[in-house]
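Analysis of the macromolecular model
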Amino acid sequence: MSESTGESKAEVKQASKEVKESENVAEKYSAMTVSKNSEVTMGELSSVFSAVPTHKPVKKQIQFVEDKQEFSRFPTKAGRRSLSRSISQSSTDSYSSAASCTDSSDDETSPRDKTQTNSKSSTDFCVKNIKQAEFGRREIEIAQQDMSALISLRKRAQSEKPLAGAKIVGCTHITAQTAVLIETLVALGAQCRWTACNIYSTQNEVAAALSELGVAVFAWKGESEDDFWWCIDRCVNTEGWQPNMILDDGGDLTHWMYKKYPNVFKKIRGIVEESVTGVHRLYQLSKAGKLCVPAMNVNDSVTKQKFDNLYCCRESILDGLKRTTDVMFGGKQVVVCGYGEVGKGCSAALKALGAIVYITEIDPICALQACMDGFRVVKLNEVIRLVDVIITCTGNKNVVTRDQLDRMKNGSIVCNMGHSNTEIDVASLRTPELTWERVRSQVDHVIWPDGKRVILLAEGRLLNLSCSTVPTFVLSITATTQALALIELYNAPEGRYKQDVYLLPKKMDEYVASLHLATFDAHLTELSDEQAKYLGLNKNGPFKPNYYRY
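So, here is what we can say about the structure in this document. (Residues numbered from 1 in each chain as written. Predicted model: local features only at pLDDT ≥ 70, side-chain atom pairs only at ≥ 80, totals over all residues. Heavy atoms only, no water.)

1. Description of the sheet that holds strand β11 (residues 412–416)
Two orientations exist for strands paired in a sheet by backbone hydrogen bonds: parallel and antiparallel. Pairing in this open sheet of eight strands is mixed, and the strands run β9-β8-β7-β10-β11-β14-β13-β12 from one edge to the other. Of all strands in the sheet, those bounded by a partner on one side alone are β9 (376–377) and β12 (435–440). Judged from the four bridges that link them, strand β7 (residues 333–337) and strand β10 (residues 389–392) form a sheet pairing that is parallel. Across the sheet, the residue bridging to V336 is I391, located in β10. Against the sheet, helix α11 (residues 302–325) contacts β10, β11, β12, β13 (443–447) and β14 (453–457), and its axis sits at roughly 130° relative to β14. (Pairing = 2+ DSSP bridges. Helix = DSSP H or I, 4+ residues; strand = E, 2+ residues; numbered from the N terminus. Contact = heavy atoms within 4.5 Å. Axes fitted to C-alpha atoms, helices over the stretch in contact; angles between N-to-C directions.)

2. Observations regarding the nonpolar core
The nonpolar side chains of soluble globular proteins are, as a tendency, buried together. By size, the foremost hydrophobic cluster in this structure holds 54 residues, and its most contacted members are L163, I168, I174, L185, W194 and V217. Secondary-structure elements contributing two or more residues to this core are α3 (133–145), α4 (148–157), α5 (176–187), β2 (191–196), α6 (204–213), β4 (245–248), α17 (472–491) and α18 (506–517). Setting aside chain neighbours within four positions, we find I174 in contact with W194, T195, A196, S201, T202, Q203, V206, A207, L210, V217 and A219. Counting residues in each nonpolar core, the second largest holds 31 residues, with L350, A370, I391 and M417 among its members. (Core = buried A, V, L, I, M, F, W, Y, C linked by side-chain atoms within 4.5 Å. Buried < 20%, exposed > 50% of the residue type's maximum accessible area, 1.4 Å probe, protein only.)

3. Brief notes about the pattern of salt bridges
Summed over all chains, the structure comprises 20 salt bridges. We note a salt bridge from R407 to D403, for which the minimum N-O separation is 3.1 Å. Residue R407 and its partner D403 are located together in helix α15 (residues 402–407), separated by four residues, close to a single helical turn. Overall, D403 belongs to the partly exposed group, its relative accessible area being 46%. In this structure, K539 engages D529 in a salt bridge whose closest nitrogen and oxygen atoms are separated by 3.1 Å. Of this pair, K539 sits in the segment after α19 (529–535) while D529 is found in helix α19, placing the two residues 10 residues apart along the sequence. Among the residues examined, K539 registers a relative accessible area of 39% and is labelled partly exposed. (Salt bridge = Lys/Arg side-chain N within 4 Å of Asp/Glu carboxyl O.)

The following block contains the structure:
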């Protein structure tokens, strides 16, 4: 026993010595690292970011719990709930654009109740935290790398200032990609005031970066309905500033200005609208003879429909669902409501991962396309008890009703990929007999009296921009289209556009596409004079008639 005890003490002593030696080596290495880093100049760093802070290594020691703590003890019910909530929340906290960076000290204070000032001593903005501006600037710089066509347009037109004198009020998703568009408009001579078209899609750090630049931004992630309309009003109703152009996504800004400030609305020179919902509202105004300004329907342009709606949603639908639910799609039964371009993109992505996909459609042409693509076209009521996931992308209202939600099986997921939050009848779920339980950011359990749970994402609002992000390159195509539409409407001679809704000229669509081909090192074939004459085309385009369906 004594020999064994002596050996044990010797081993402990040796181990202690080795630990001290290791700590000394670590300290020496840390000192060397700090010394080496101090010699690196900022000029030697990549120009992608304006500044990268250097951090001295800090030696951290593990904090051990008290020896007497009982690890086998199970947490109480309340404790389990807190732990679950903590884990769920931490899984969504990230310095990525999907989970907007926040300052926890400001989380409980509404931006409307705070007075903030940027470095230019301006207070004409309302964002979550202006101190996040530097981080937001890095997000924008990352986005710029994949938006080379829009940057190219900025460089080509910057000297001409085609938007000099333009005062643009915008209501779109405020993301790093949108910020590149806004900064392009400013570089082309425009003054801008901006708000968000969705209460969940704003990237707070990007809104701060734009405010720091001098753009009047009124938006933050997690606005209330009242906040949403207040922000729109602050953009429009400001002393000494009269907007003359509108860039809208969903039609809320246009509708607000038309109803609340009709005299201001009449002085608008043009509206650019990019969503199904907003375009529908414009056509309604036009049909009723109440549209007193020309409007450009960007949503139905080829570059928006075939790229943003199709390719963007094909990638972002999976991103949004995976981030929020961690669901595996192999073998899952999914209903996609609507087989337009958004529905086509969502269905293709889900099918590729092994999901069994059903389609609902009102249009026989789209329904036939779905059948030819290998999908079964059904009525929602026929499969409502079977499906695991429902995705709406129609632009309509009450596509999924309370009666249908009542019949869904336990654990089903319901979400929306259309612009408006009217597709799922969320209001009918806010009743005393149903319990809402927040699982994590933008994820709710709606619990029925019998214990059945349905997972509702983003409270029925647009999934991809509320819960994840969208591909930057595709947004470059849409943003370039929007910029050109604004330039066209603002500079058009009087009489070219009447008080109606117009589609983007085919030539402009082709120009946007051509700007993005360089990214892929693509080389277009040129028509010979004989070939152009044979087809009856100009060698430089447009290459398709307006009625051509791509």
